[in-house]
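Each chain is listed here by its residues.
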Amino acid sequence: MRELELYFGPQHLGMVGNFSITLKVEGDRILEATANPGYLHRGFEKLMEYRTWIQNFPMVCRINVIEPDSMEMVYAMAVEKLAKIEVPERANYIRAIVLELARVGSHLFGLWAYANMLGFDTVAQWAMYHRDLVLDLFEELVGGRVYHIYIWPGGVRRDFPEGFKDKIVTTLHAIGGCVPDYDATFFENRLFYERAKGIGKVTREEAKEMGATGQVLRATGMKYDIRKVEPYAAYDKVPWEVPTREDGDAFSRIWIVRDEMIESVHMIFKLLDKMPEGEVYNRIPNPFKWNIPKGEAYVRVESSRGELGLYLVSNGEDKPYRVHFRTPSYPHGLTVLEKALKNASIADVGNTMISLYVVAPEIDR
Amino acid sequence: MQSAKLKINKGSIFNPFKAIRFLFKKPKTLRYPFESKEPALRYRGFHLNDWDKCTGCGNCADICPNEAITMVEIPEIKPKPEEGIKNERPQLDYGRCCFCGLCVDICPPGCLRLSRDYFHIHFDTDTFVFIPKDEKTDEEHFLPEEKYSILQASLAHRKKDNEGFTSDLGYSLFEPERVPMPQVSPEERKLSFIEQVIGYSKEEAKKEASRCLECKLCEEACPAHLKISDYIRAIYEDKSDESLRKIFEDNPIPSICGRVCMKYCEEACSLSIRGEAVAVRWLKRFVADSIEDYKATLELKPAKPTGKQIAVIGAGPGGLSVAYFLRLKGHEVTVFDSLPGGGGMMRIGPPLYRLPLEAIDKDVNYLSSLGVEFKFSTTVGKDIRFEDIQKDYDAVYLGIGTTSSRSTRVKNTDKAVLALPFLSENKIGRQFKVGKEIIVIGGGNVAMDVAREALRLQHMQYPGEKVITKTVSLEDWNELPATEEEIEDGKAEGIQLNPAWGPKEVKLDETGEVKGLLCMKVKSVFDEQGRFSPTFYEEKEMFLEGDMVIEAIGQGADFSFLPENLMKKLEFTERRKVKVDEHGETSIPKVFAGGDIVNLNLDAVTAIADAKVAAEGIDKLLG
Amino acid sequence: MNQSLKEKLESIFSDIEVTIPEDDRLIITAPKDAVLSILSLLKGKGYEHLALISCVDWIEEKEFELVYILSAYMQKEDEYTDKEKTNITLKTRISRGKPECITVIPVFENAEPYERELHELYGIHFEGHPRLLPLFLEREYKIPPFRKDFDTREYVKEVFDEIPFVEDKVGQK
């Protein structure tokens, strides 16, 4: 049969985000897939070298539009480590709560993308609506819906407004109350099983070899989660579980997304119960005179997609010398994806890509 | 929750039919614009700026990560440098703004805020560049609820009272509180002339220096325009020597000024609006104190000798400065002063607990090491004739200051003591014998100096006994001319203040000794034109007991050294000040003047500013 | 545990420096020839997760510093140990004038895009890399854009200041 080269994306319906894949196909079978990122390369890491430590805050969150809070967190942690800034206990709890809310919001967005791609429009609309409820919470807390610029060195930018705890609880109950509906229409829908089972299968050995983290790895049964491995914020203060699955395919990965959301909601309730009173911010030095001592740090957090790391180098100046984000989508979108698409059928490209939970801006940075 | 050995639920194709009931539910989508959602209370929308509070400091423009803010000059605003107000206001470019709110968190007055408006649709891209105001100064574009329509919403059609993300001092990006200055306690310091202010340690100075936002409002407020933000940055960077060099560009007497400056800079400091000003004066003092040897650090050398000779009369701050600036230009400078050392009024005025003699000599000795010749204990007009100086030198600078104390001239004031002789004797002569109950007349800084010094003398001369010092001033509490700091320190030491009382008569006992002061209640101090013209309620009297009265109501200049023909030539302004042109030259050719006889501020740093002008003028004159 | 790893590494490789700046962090500085063997040794020790390959341009010292960050995956099924907490940073300096290094793809498969990125953004040549093709960028640059001597503002000025405003073209303004 004739070999063809096929361009998949960036304007393909099955492709979410600014990303494309070049496929070499023979009939319906993919011989070779080449990931083609760069549509959203803004050179953030270079731009950050031109801005002061604090001026970079409004910038880092833009690297991943879907879940900006983990980006803020990892940058704040690295700066705190280099500048030796302590964070008040209450701020640690607030950070964990905000990060978990962000995870729920991000997963709902991911669910929208996946369901939409499979043609489950109803579920997609629900997920989008519920994500909007989470964004309403963020708007109330930080004044912005998408880019929060909330977690920053020394703690968080403002304390909870009055009655915010109750609002979180009400909103999460509203979303959680719909889990049976989601299950009925999507997760326990035979069509989902048929479409997702065995798609984009990655074994544990392959996943390890390719540097996978997050759902991709947990779908192969490994309970690898930075929140447990190297706890930060308040993740070691309350008990919680790491959901895993065994098969390493799209079906397992999307189920983990569902289970993680439920676990996150339970965790937020526990954190809210245990949250202490007190300060939420230790004042950082005057931003115009803030030089951070020479040094380097690698810090990592578990974003909703896997290990999000930051290698930050300071040369003793008021600006970073080198910033390099290790984003989870990077290995997933460039290494795992190419491998998983080999011998797959064209119809499964979007399915594989979105179930790997790849966010293109995160790769491009 | 889910165990690792989870059994997979394959589900059924009939499950989704459960969702059919949603067909009969009300949709969640808002029917915009008929239904709209209120933005949250902290919403980060378009900017609001309270123009009355904004100082134009430009911190918002400096911190903006996107360079969306530029400071633009507003011609209709009158700049007030002495209050730290510029006529610039921030202009936003909404093509660049990312609504992060860093500008709000850095804004020292808290005038820049974000509103809950977020609509602006326009064909003209220029409308996205915008100078924010708020409903206080712009009623045209900020509309009440009933006039507002969401269909017209834009930058020019906004809701009134729609504040969103605002500044909160607890989370501000600047530190509103000053590093406290270690001081000797009032109980301890009133017993001796020990210096009250101990001075910052290196760490404290660095920490205090780190608060400065470098908006430079202070530099415009400072009469001598010192490069304040530069020398503070140098302290922060641990480079005291660099800092001293920066100070010496404009001020050759940091050790003196670091203790007694009137600190116009701190009045203008943008941090002082909602917090405490950066301690500029104490930081200058820290630099001057931390460097032992100015000469080795500064490495300043006079320029090539010009052969010109300049005489400076008066070794006060103005005289010292003019000598320094001219000496650096290569001229030969001789300074005459009747006192045995340098400093002029600084030597005799500020009490030892504020300005020790060593601090003065440190500055003066450095100038003399540069080659300035000092002729101390030489009174012009007595030891040397002014005409001879005029003949022998190419130019003369008059920095004579106001050296004669005025009297209230009420009955029996011949029995009272005048402020300057009192202060001067105590500082550089023998100590005055004081009474147990002293009354000081006056409400200015000199009066506070006199009172606080008198209190110390009382404690030293009558240890353990009950002693009282009180002041009487025409001005009421809210208009006392003394600085708040002096009043607070004085009150802490036990000085009793009696504002709004005027002296009527010094009462004597049978032996002719002072037994008290009869006062009358003040009606008003100034007349309608704002001129000094006190009126009294003659019938409302108060008698203050006391065995000593000191008058500290102000000083005048003493021109008796000038020969009559020159005195006639010397022109004065309406406010009895020596008239000088823009180069500091008086109506007598080649005679320049500055300091208290010229300006109305009557302080050291203004004298330095005058000296700078005159030094340029003299240098230009001599070519 | 990290201490024993440090001793082990120092006994095998003579010209490397190992520091432990804090618990759970290990920094190895090694010459570039030793990189591949150190990485495979560490991989054999259980540090199987290559999290990141980065590069720092020390322009004043005329050197690039390649940074490899490693950590370990789960050692046990249900228990978290200190080993997963440990991050190992391997650093090696290469000359800025002739930036070359051997690829580590034989040891870590996922090094492929990282090395490709560094090749594109810093101009480093990785010996033995199968496809050193552009990854993100769409045009050629005189200086690889992430190097310190590439000034973004100057570049923007040079490239975009020459492009007239749309309004100017249609003559509206």
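Here is what the cut-offs are and how they apply
- Residues numbered from 1 in each chain as written.
- Chains lettered and ligands numbered in written order.
- Predicted model: local features only at pLDDT ≥ 70, side-chain atom pairs only at ≥ 80, totals over all residues.
- Heavy atoms only, no water.
- Helix = DSSP H or I, 4+ residues; strand = E, 2+ residues; numbered from the N terminus.
- Rg over C-alpha atoms; globule rule 2.2 N^0.38 Å.
- Buried < 20%, exposed > 50% of the residue type's maximum accessible area, 1.4 Å probe, protein only.
- Contact = heavy atoms within 4.5 Å.
- Areas by Shrake-Rupley, 256 points an atom, 1.4 Å probe, with all protein chains shown as cover.
- Lys, Arg positive; Asp, Glu negative; His and termini not counted.
- Charge placed at Lys NZ, Arg CZ, Asp CG, Glu CD.
- Salt bridge = Lys/Arg side-chain N within 4 Å of Asp/Glu carboxyl O.
- Buried area = accessible area lost by both parts, 1.4 Å probe.
- Polar contact = N/O pair within 3.5 Å; in protein donor to acceptor, adjacent residues only side chain to side chain.
- Nonpolar A, V, L, I, M, F, W, Y, C, P; charged D, E, K, R; others polar.
- pLDDT = per-residue confidence, 0-100.
- Phe/Tyr/Trp six-rings, centres within 6.5 Å; stacked < 30°, edge-to-face > 60°.
- Lys NZ or Arg CZ within 6 Å of the ring centre and 35° of its normal.
- Arc of directions from axis to C-beta.
- Pairing = 2+ DSSP bridges.
- Right-handed = clockwise from strand over helix to strand, strands pointing away.
- Axes fitted to C-alpha atoms, helices over the stretch in contact; angles between N-to-C directions.
- Patch = residues over 30% accessible without salt bridge, like charges linked within 9 Å, V, L, I, M, F, W, Y side chains within 5 Å.
- Core = buried A, V, L, I, M, F, W, Y, C linked by side-chain atoms within 4.5 Å.
- Parallel < 35°, antiparallel > 145°, perpendicular 65-115°, else oblique.
- Left-handed = near helix turned anticlockwise from the far one by under 90°.

(A) Focus on the overall build of chain C. Within chain C one finds six helices and seven strands. For chain C, the α and β elements follow one another from N to C terminus as α-β-β-α-β-β-α-β-β-α-β-α-α. The C-alpha atoms of chain C give a radius of gyration of 21 Å, which is well past the 16 Å a tight globule of 173 residues would have. Counting only C-alpha atoms, chain C reaches 75 × 40 × 35 Å along its principal axes. Expressed as a percentage of its 173 residues, the buried residues of chain C come to 51%. Of the contacts formed within chain C by residues at least 6 apart in sequence, a portion of 55% connects residues at least 24 apart. Of the accessible surface of chain C, which amounts to about 8,700 Å², a share of 50% is contributed by carbon and sulfur atoms.

(B) Main features of the overall build of chain A. Scanning chain A for helices and strands turns up 15 helices and eight strands. With the C-alpha coordinates aligned to their principal axes, the bounding extent of chain A is approximately 65 × 45 × 35 Å. With 365 residues in all, chain A has 70% of them scored as buried. The contacts in chain A between residues at least 6 apart in sequence include a share of 72% that link residues at least 24 apart. Accessible surface for chain A amounts to roughly 10,700 Å². Of this, 51% is attributable to carbon and sulfur atoms. Across chain A, 45 positive and 51 negative side-chain charges occur, with their mean positions spaced 4 Å apart.

(C) Structural detail: the pattern of salt bridges. All names here are of chain B. Applying the stated criterion across every chain, the model contains 103 salt bridges over all chains. For the salt bridge of Glu616 with Lys329, the shortest nitrogen-to-oxygen distance reads 3.4 Å. Here Glu616 is found in helix H20 (residues 604–622), whereas its partner Lys329 is found in the loop between helix H12 (317–328) and strand S9 (332–336), with 287 residues between them in sequence. On the accessibility criterion, Glu616 (48% relative accessible area) is partly exposed. For Lys329, a relative accessible area of 27% gives the class partly exposed.

(D) Structural context of the environment of Ala184 of chain A. Position of Ala184 of chain A relative to the elements: it lies in helix H7 (residues 179–187). Dropping the residues within four chain positions of it, Ala184 of chain A is found in contact with Asn189 of chain A together with Asn15, Pro16 and Lys18 of chain B.

(E) Structural context of the interface of chain B and chain A. With 56 residues of chain B in contact, the opposing surface of chain A contributes 55 residues. Taken over both partners, the interface formed by chain B and chain A buries close to 4,700 Å², and the fraction arising from carbon and sulfur atoms is 54%. The tally of links from chain B across to chain A stands at seven salt bridges. Among the ionic pairs, Arg21 of chain B bridges to Asp181 of chain A, the shortest N-O distance being 2.3 Å. Our count for the contact surface shared by chain B and chain A stands at 29 residue pairs in polar contact (both at pLDDT 80 or more). Listing elements by their share of the side of chain B that touches chain A, those giving two or more residues are helix H1 (59–63), helix H2 (102–106) and helix H6 (228–236) of chain B. Residue composition of the side of chain B that touches chain A, grouped by class: 28 nonpolar, 12 polar and 16 charged.

(F) Highlighting the confidence of the model for chain C. Residue-level pLDDT values for chain C average 83, and 94% of them are 70 or greater. Interface confidence for the predicted complex, given as ipTM, is 0.85, next to a pTM of 0.84.

(G) Structural detail: the packing of aromatic side chains. All chains considered together, the criterion is met by 44 aromatic pairs over all chains. With 5.5 Å between their ring centres and 5 degrees between their planes, Tyr94 of chain B and Phe99 of chain B make a pair best called stacked. The buried category is assigned to Tyr94 of chain B, whose relative accessible area is 10%. Taking the relative accessible area as the measure of exposure, Phe99 of chain B reaches 23% and is therefore partly exposed. Here a set of aromatic residues connected by ring pairs shows up, and it is made of Tyr114, Phe120, Phe186, Phe187, Phe192, Tyr193, Phe251 and Trp255 of chain A. The residue whose ring lies beneath Arg305 of chain A is Tyr357 of chain A, and the NZ or CZ to ring-centre distance is 4.5 Å. We note Lys133 of chain B situated over the ring of Trp51 of chain B; from NZ or CZ to the ring centre the distance is 4.5 Å.

(H) Seen up close, helix H2 (residues 35–44) of chain C. All names here are of chain C. Every buried residue belonging to H2 is among Val35, Ile38, Leu39, Leu41 and Leu42, and all of these are buried. Buried residues in H2, looked at end-on, bunch into an arc of 160 degrees, giving them a common side. Taken together, the buried residues of H2 touch helix H1 (2–12), strand S2 (25–29), strand S4 (63–71) and strand S5 (87–95). Gly46 sits one or two positions beyond H2 and adopts a positive phi of about 105 degrees.

(I) View of the pairing of strand S16 (residues 496–499) of chain B. All names here are of chain B. With four bridges connecting them, strand S15 (residues 468–473) and S16 associate as parallel partners. Across the sheet, the residue bridging to Thr471 is Leu497, located in S16. Crossover S15 to S16 through helix H18 (residues 484–493) is right-handed.

(J) Representation of the sheet that holds strand S10 (residues 373–375) of chain B within the structure. All names here are of chain B. One open sheet holds the five strands; their spatial order is S10-S9-S8-S11-S22, and the pairing between them is parallel. Edge strands, defined here as strands with exactly one partner in the open sheet, are S10 and strand S22 (591–593). The sheet shows a mean angle of 20 degrees between the axes of neighbouring strands, taken without regard to direction. As paired elements, strand S8 (residues 309–313) and strand S11 (residues 395–398) share four bridges and run parallel to each other. Looking at the pairing, Ala311 lines up with Val396 of S11. In the packing of H20 onto the sheet, contacts are made with S8, S11 and S22, and the angle to S11 comes to roughly 170 degrees.

(K) Summary view of a negative patch on the surface. All names here are of chain C. A grouping of Asp151, Glu154, Glu158, Asp161 and Glu162 is seen on the molecular surface, where their side chains present a negatively charged patch. Here Glu162 is to be found in the loop between helix H5 (152–160) and helix H6 (166–170). Of the residues examined, Glu162 reaches a relative accessible area of 65% and is grouped as exposed.

(L) Broad picture of the nonpolar core. One finds Ile21 and Phe192 of chain A together with Leu9 and Tyr68 of chain C to be the most contacted residues of the largest nonpolar core, which totals 274 residues. Ranked by residues supplied to this core, first place goes to helix H4 (residues 89–118) of chain A with 19 residues. When neighbours within four sequence positions are excluded, Ile21 of chain A is seen to be in contact with Leu6, Tyr7, Phe8, Met15, Ala33, Thr34, Leu337, Leu341, Val349 and Met353 of chain A. In terms of nonpolar packing, the next biggest core, distinct from the first, is built from 26 residues, Val440, Met448, Leu457 and Leu480 of chain B among them.

(M) How the structure looks around the side chain of Ser106 of chain A. Mapped onto the elements of the fold, Ser106 of chain A is located in helix H4. Those residues in contact with Ser106 of chain A, other than ones at most four positions away along the chain, are Ile66, Glu67, Arg131, Ser304, Arg305 and Tyr357 of chain A.

(N) How the structure looks around unusual backbone geometry. For Glu67 of chain B, which is not a glycine, the phi torsion comes out positive at approximately 55 degrees. Assignment of secondary structure puts Glu67 of chain B in the loop between H1 and strand S2 (69–73). Among the residues examined, Glu67 of chain B registers a relative accessible area of 46% and is labelled partly exposed. Residues other than glycine seldom take positive phi values, yet Lys62 of chain C does so here, at roughly 55 degrees. Locating Lys62 of chain C in the fold gives a position in the loop between strand S3 (49–58) and S4. Note on Lys62 of chain C: relative accessible area 61%, which makes it exposed.

(O) Region of interest: the packing of helix H17 (residues 445–461) of chain B against H18 of chain B. Residue and element names in this part refer to chain B. Here H17 crosses H18 at 20 degrees, and the two axes come no closer than 10 Å. In this view, H17 runs roughly parallel relative to H18, as classed from their interaxial angle. Once H17 is placed against H18, the crossing between them reads as left-handed. Every residue of H18 that contacts H17 at Asn445, Met448, Asp449, Arg452, Leu455 and Arg456 is listed here: Glu486, Ile487, Asp489, Gly490 and Glu493. Considered class by class, the residues forming the contact of H17 with H18 number three nonpolar, two polar and six charged.

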